[in-house]
Structures are given as C-alpha cells and as structure tokens.
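# Analysis of the macromolecular model
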Amino acid sequence: MKRLAIRLEEVAERSNLMLATWKAARGKRQRPAVARFLADLDGQLDHLAACILNGQAPQGQYTSFTIHDPKRRLIHAACFADRVLQHAILNLAEPRFEAMLVDSTYACRPGKGVHAAARQVQRNLQRFAWRVQVDVDSYFPSIDHACLKALLATRFKGAGFLALLGRIIDTAGDAGRGLPIGSLTSQHFANAYLDTADRRLLEDRRVRAHVRYMDDILWWCDSRADALATLAELNDFLRRERGLQLKPKVSIAPSRTVVAWCGFRIDQAVILPSRRKLARYRRHARQIECAWASGQVSEAEVQRASANSLATLAHSRSLGFRRRFWQQHPSLDDLAAGQPDHP
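Residues numbered from 1 in each chain as written. Predicted model: local features only at pLDDT ≥ 70, side-chain atom pairs only at ≥ 80, totals over all residues. Heavy atoms only, no water.

An unreviewed UniProt entry lists the chain under the name Reverse transcriptase family protein, from Accumulibacter regalis. Turning to the chain, the UniProt record has this under Sequence similarities (unreviewed entry): "Belongs to the bacterial reverse transcriptase family." (UniProt positions renumbered as here; feature names shortened; annotations may be inferred.)

## Concerning the overall build of the chain
In terms of regular secondary structure, the chain is built from 16 helices and 11 strands. Relative to a compact globule of 343 residues, whose C-alpha radius of gyration would be 20 Å, the chain shows 23 Å and is just as compact. C-alpha extents for the chain along the principal axes are approximately 60 × 60 × 30 Å. Counting every position in the chain, which comprises 343 residues, the buried fraction comes to 46%. In the chain, the proportion of contacts linking residues at least 24 apart, taken out of those at least 6 apart, comes to 70%. With the model as given, the accessible surface of the chain reaches about 17,000 Å², and the carbon-plus-sulfur share is 51%. Averaging the positions of the 52 positive and the 34 negative side-chain charges in the chain gives two centres separated by 4 Å. (Helix = DSSP H or I, 4+ residues; strand = E, 2+ residues; numbered from the N terminus. Rg over C-alpha atoms; globule rule 2.2 N^0.38 Å. Buried < 20%, exposed > 50% of the residue type's maximum accessible area, 1.4 Å probe, protein only. Contact = heavy atoms within 4.5 Å. Areas by Shrake-Rupley, 256 points an atom, 1.4 Å probe, with all protein chains shown as cover. Lys, Arg positive; Asp, Glu negative; His and termini not counted. Charge placed at Lys NZ, Arg CZ, Asp CG, Glu CD.)

## Focus on the nonpolar core
Among the nonpolar cores identified, the biggest contains 66 residues, and Ile 52, Leu 85, Ile 89, Phe 97, Tyr 139, Phe 189 and Trp 219 are the most heavily contacted of them. Top contributing element to this core by residue count: helix H5 (residues 80-99), with nine residues. Each residue touching Phe 189, except ones within four places of it in the same chain, is listed here: Phe 97, Leu 148, Leu 152, Leu 165, Ile 168, Ile 169 and Leu 179. Of all hydrophobic cores here, the second largest spans 16 residues; its members include Ala 116, Ala 117, Val 211 and Trp 261. (Core = buried A, V, L, I, M, F, W, Y, C linked by side-chain atoms within 4.5 Å.)

## Remarks on the sheet that holds strand S10 (residues 264-266)
If you trace the three strands from one edge of the open sheet to the other, you get S9-S10-S11, paired in antiparallel fashion. Of all the strands in the sheet, just strand S9 (259-261) and strand S11 (271-273) have a single pairing partner and so form its edges. Strand-to-strand twist in this sheet, taken as the mean axis angle between neighbours without regard to direction, amounts to 30°. Here S9 runs beside S10; their pairing, made up of three bridges, is antiparallel. Looking at S10, one finds that Trp 261 is bridged to Phe 264. Of the strands in this sheet, S9, S10 and S11 are in contact with helix H6 (residues 114-127), which crosses S10 at around 20°. (Pairing = 2+ DSSP bridges. Axes fitted to C-alpha atoms, helices over the stretch in contact; angles between N-to-C directions.)

## Considerations on the packing of aromatic side chains
One pass over the full model with this rule turns up six aromatic pairs. Grouping aromatic residues by their ring pairs yields a cluster made of Phe 97, Phe 156, Phe 161 and Phe 189. The ring of Tyr 106 is capped by Lys 112, whose NZ or CZ atom sits 4.8 Å from the centre of that ring. Stacked on the ring of Phe 264, the Lys or Arg Lys 277 has its end atom at 4.9 Å from the ring centre. (Phe/Tyr/Trp six-rings, centres within 6.5 Å; stacked < 30°, edge-to-face > 60°. Lys NZ or Arg CZ within 6 Å of the ring centre and 35° of its normal.)

## Focus on the sheet that holds strand S6 (residues 209-213)
Read across the sheet, four strands follow the order S6-S7-S4-S8 without closing on themselves; strand pairing throughout is antiparallel. With partners counted over all chains shown, the strands left at the sheet margins are S6 and strand S8 (251-254), one partner each. On average, adjacent strands in this sheet sit at an angle of 15° to one another, irrespective of strand direction. Relative to strand S7 (residues 216-221), strand S4 (residues 130-135) runs antiparallel, the two being bridged by six bridges. Pairing of Val 134 across the sheet is with Ile 217, part of S7. Against the sheet, helix H11 (residues 195-203) engages S6 and S7, with an angle of about 165° to S6.

Written out as structure tokens, the structure reads:
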C-alpha cells in the first residue's frame, strides 16, 4: 500500500489548526484551560505552529485520573494545546489510518462503533458453527514504541511528520512501551497496531468471519479443531511480532451459546444489555431523579440527561426492564414518557 506523504507545513497551516481547535473545543468551551486558549487564539495558534515546525511539539503534559467502568482504568488527558495538535494531525492522517484497517474492525471509526459490532457478532453467530473470543492482556500499556513507529513508517512518509508522531509516542508510557488511554492519537495507533493480526486471521481459510473492537477479538470457524489451531497461531504471532499476550481466559464454544461482548449479551436470537449496563442505567436514572426532586435542573436538562442514559441501552432489548423500572419511580413519569419504546 502506498505511503501517504504529510509535511509539517500542512499540519501547522492556520486553517488546519483552526479546524482542529474547533473539534477539540466542541462541548468544552467553558472549561478553564479551553477558555484561556480561546481567549488568546491567534497567539496560541502562532505558538503551536512554531512548535510544530521547529520540533518542539507536543508539550507532553497529561492529567491523569482513574475510572471504574467496570474495571479500574488510568486515563491520561492531554493538555488542550496537545489535543489541538492531535486533531490537526488526524485531519490529515485519519483517512490513511482508515484505509489500512479491515472492514471488520469497529472501534473508534466513522460509521462503525460498538452497536454495529454487536449486530455483526449476532449475524456471525447465526451463520458459523464455532467461535473463539480473546482479549489482549493490558493492551495499551503493552504496545511497543519501536514496533509502532516502524509500522507507521510503512504507512506514512515525511521525516518531520514521522518524527512528530514519534515524539507523541515517546511522551507516553515508560521504557519504550505503552500508550495513554484517552488520547485521540492513541486510539488510531492502537487500532493500527493489531491490523496485521486481523489480516492474518482473515487470510486463513479456516477462519470464516472476524470482529474486533480494539483489543477484544472474536472469530468463527467450522470446527473446534480449527478454532484451537487458529488460536495457537494468533497467540504465537502476537507474542513474537507485537510483544503482546492474550489474557488466560479464552472462550471457545459453539455459536449457539451466549457471547458477553462489549457490554452486551448476544445470542443468535437477541441482543440484551449486560448486567453492568442495566446497573449503570439505574444509577444514572436515580441521579436524575434526585436532581429533579431538588429543583437543581430544568426539564430540558432532565430530558437531555435521560437521552444520554438511554443511550447505554440502545440497540438492545430493554423495553420490559425500563417499564418495570419506571413503574417503581413514579416521580419521573414525564421523563419516562420522553423515552422511545425501543424493544
């Protein structure tokens, strides 16, 4: 595949940086760091452009915090100038990242996403006899910087641009490994890092179908023997070529059994929300109920919060659960009435 040439002058071009600023600030303009950047927009963009051209970008400053969703994750949020820089890079490079991925990879991609992945998993369960489900152990912290840089050099050209990508990679992790969870470029780097593994699976005639959502991988075979053989080969490739290990918990089972996948319980007939998703919905709804009862929020804010809460159950069968829940919370009848009756 032909490499895409990107020059630093294109990244630093004012219209590109303006577009990147708009993307990075969308929905965040009231945050202090964003407001300070926007208050001196011309000066900030002049400084950022100069740093891009003279090799001083990125700043490499991250704010770290921990979430539990449901497992403990350490999130690294780049400073706002570096978020603008990453959007400026992706304005030019995202089409190339997209072109290098197979169609059955669904995370962080336009027109894809977790709901489309769940529907494809169900279709594959209906068509093929055996499934293999694996998850890479500590994926983001385990990504090897040298291997990632070599991979990117096969997709992009331009010494200055590749050096910029290298500096972004080097600001993350320790001892030449690791990418920050929560960074825009990390999403694309991590997707690209497993692309060769996707292609090896799909080129194997024993593999009938494949779905990947970041480091969660599912594929289908006609027999248990084929499933075991392809698993062993993938495990060997990841260890040898990418420095990765699969988690010990591997699922090989007939496709008629239920798959727990990205917050859903999927079988050949129905897609159900996981218990975690149901618990999250209850928690959010109760928070909305308390805020509404105390008069802290307007009706419009309640409706927006309700729509966001409902999104956690979208594309899964949950109507019966929601009806039972709202019958137990009559103080939010108006909120419940505003929710569409998805099945």
